[in-house]
Amino acid sequence: MLPTTHPIFWRDPELPFVELRQVLDGRKVTYAPHSHQQWSIGAILAGQSEFICEDRLHQVTHGNLVLMNPDEVHACNPKQNSAWAYYMMHIDKNWLAALLFESGVTKQQNWQGSRLDTVLLPQLYQDFVILCQNLMTNTFTAAQKRTLLSSYFVQLFTYLDCVEPLHEQTLLPENKLYQVANYLNEHCFEDQSINTISTLFGFSSSYLVRAFKRHFNMTPHAYRLNRRIQLGQQALKQGQPIASIAHSAGFSDQAHFQRVFKQRVAATPEQYRRTLSL
């Protein structure tokens, strides 16, 4: 029996597009600003916390749903001495986009970001909690769980009114900083200096750091680390050894990898790799 302070992760190889985390006692959980490649939704089960999404601050408590678009920098940390508990689910955006298009919720096949950071609607909250509970039991088959997931997200995104797509310029503004971000993604395992990267794109290093942080809510170095952790999560789910992942991800040693991983995932690599056994 795991202590209540340990996160519980649920995955199913037949449903590779979804991952669920449950934390029953998160009073000592701390997150550094980070982002995910997936679309994410969480339910606050108990306690109070501060939820920062991009440059927007929300006070959230029991009954709140929190929503995060892919690559949005965010952090959610409990208030001092608050008995914080939550579910957090990550959904592959391409699977979700296809579901919403096929269900007639959206008119475009490509992913369109959700517009709200938080939702306070008792029915949607309770239905999400029940969905999480059902996923983490062996009562339903993988096919039935897929149906439950599909039904809930059609309901949720119908409420979020995603039929009208977001203006394209809000999704990817014309900005050279996105070229820098893409370069950091593609070369995240290299330890190139900020000076080298700045020169490559015609910026001064001081300007690049300031401008990049203003647009992405993290420095280029933090952005590169975040990408390494994302790839480390994928490797952990594939069963690769932690020491090997730490080395291939460009960390100085396993302890360094574990420290950075926990700052952004609020779980150790071993805790993250461990999946709920049904």
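So, how was this worked out
- Residues numbered from 1 in each chain as written.
- Predicted model: local features only at pLDDT ≥ 70, side-chain atom pairs only at ≥ 80, totals over all residues.
- Heavy atoms only, no water.
- Helix = DSSP H or I, 4+ residues; strand = E, 2+ residues; numbered from the N terminus.
- Expected span 1.5 Å × (residues − 1).
- Contact = heavy atoms within 4.5 Å.
- Salt bridge = Lys/Arg side-chain N within 4 Å of Asp/Glu carboxyl O.
- Buried < 20%, exposed > 50% of the residue type's maximum accessible area, 1.4 Å probe, protein only.
- Pairing = 2+ DSSP bridges.
- Axes fitted to C-alpha atoms, helices over the stretch in contact; angles between N-to-C directions.
- Core = buried A, V, L, I, M, F, W, Y, C linked by side-chain atoms within 4.5 Å.
- Lys, Arg positive; Asp, Glu negative; His and termini not counted.
- Polar contact = N/O pair within 3.5 Å; in protein donor to acceptor, adjacent residues only side chain to side chain.
- Phe/Tyr/Trp six-rings, centres within 6.5 Å; stacked < 30°, edge-to-face > 60°.
- Lys NZ or Arg CZ within 6 Å of the ring centre and 35° of its normal.

A.B. asks: Is there a simple way to think about helix α7 (residues 205-216) in this case?
C.D. replies: In an α-helix, one turn spans 3.6 residues; hence positions three or four apart end up facing the same way. The terminal C-alpha atoms of α7 lie 16 Å apart, and with twelve residues this matches the ideal 16 Å at 1.5 Å per residue to within 8%. Where the residues of α7 are buried, they touch α5 (177-186), α6 (194-200) and α8 (220-237). Just downstream of α7, N217 is the residue with a positive phi angle, here 60 degrees.

A.B. asks: Looking at this structure, how should I read the pattern of salt bridges?
C.D. replies: Summed over the entire model, instances satisfying the criterion amount to six salt bridges. R56 serves as the salt-bridge partner of E72, at 3.6 Å between the closest nitrogen and oxygen. Pair noted here: E72 is in the loop between β6 (65-68) and β7 (74-78) and R56 is in strand β5 (residues 56-61), with a separation of 16 residues, a long-range link. Residue class for E72 comes out buried when judged on its relative accessible area of 15%. Classification of R56 as partly exposed rests on a relative accessible area of 31%. Linking R56 and D117 is a salt bridge whose minimum nitrogen-to-oxygen distance equals 2.5 Å. Within this pair, whereas R56 is found in strand β5, its partner D117 is found in the loop between α1 (93-102) and β9 (118-119), the two being separated by 61 residues in sequence.

A.B. asks: What is the right way to look at the sheet that holds β6 in this model?
C.D. replies: The sheet built from six strands is open, its strands ordered β1-β2-β8-β3-β6-β9 with antiparallel pairing. Strands at the two margins of the open sheet, each flanked by one partner only, are β1 (8-10) and β9. Sheet topology places strand β2 (residues 18-23) next to strand β8 (residues 85-91); six bridges connect them, and they run antiparallel. Bridge assignment links L20 to a residue of β8, and that residue is M89.

A.B. asks: I keep staring at the sheet that holds β5 and nothing clicks. Help me out?
C.D. replies: Pairing between the strands of a sheet comes from backbone hydrogen bonds, and it takes one of two forms, parallel or antiparallel. With respect to topology, three strands assemble into an open sheet ordered β5-β4-β7, the strand pairing being antiparallel. Two strands close off the open sheet at either side, each with one partner strand: β5 and β7. Geometrically, the sheet is characterised by an average inter-axis angle of 20 degrees between neighbouring strands, direction not taken into account. One ladder, built from six bridges, connects strand β4 (residues 48-53) with β5; its direction is antiparallel.

A.B. asks: I would appreciate a short explanation of the nonpolar core in the present structure.
C.D. replies: Looking at soluble globular proteins, one finds that nonpolar side chains tend to be buried together. Counting residues in hydrophobic clusters, the biggest one holds 37 residues, and the most contacted among them are W39, I41, M89, L96, F128, F153 and F157. At the level of secondary structure, the elements contributing two or more residues to this core comprise β1, β2, β3 (39-46), β6, β8, α1, α2 (122-135) and α3 (142-159). When residues in this core are grouped by element, the largest group, seven residues, is from α2.

A.B. asks: Honestly, the side chain of D12 in this entry has me stumped. Any pointers?
C.D. replies: Turning to its location among the elements, D12 is positioned in the loop between β1 and β2. For the buried D12, which has no salt bridge, the nearest side chain bearing the opposite charge is K145, at an N-O separation of 5.1 Å. Separated by 2.8 Å, the side chain of D12 and the backbone nitrogen of E14 make a polar contact.

A.B. asks: How do you make sense of the packing of aromatic side chains when you look at a structure like this?
C.D. replies: Any two aromatic rings considered together are summarised by their centre-to-centre distance and by the angle between their planes. Taken as a whole and judged by the stated rule, the model has 14 aromatic pairs. Relative to F257, the ring of F251 lies with its centre 5.3 Å away and its plane at 55 degrees, an arrangement referred to as tilted. Here F251 matches F257 in class, with each residue buried. Aromatic rings pair up to connect W39, W111, F128, Y152, F153 and F157 into one cluster. Sitting above the plane of the F203 ring, K176 keeps its charged end 5.6 Å from the centroid.

A.B. asks: In this structure, what is going on with the environment of L231? I would like to understand it.
C.D. replies: Topologically, L231 is positioned in helix α8. With relative accessibility at 21%, the residue L231 sits in the partly exposed group. Residues L231 and N138, spaced 93 residues apart in sequence, show a C-alpha to C-alpha distance of 29 Å. Setting aside its immediate chain neighbours within four residues, L231 contacts C188 and F189.

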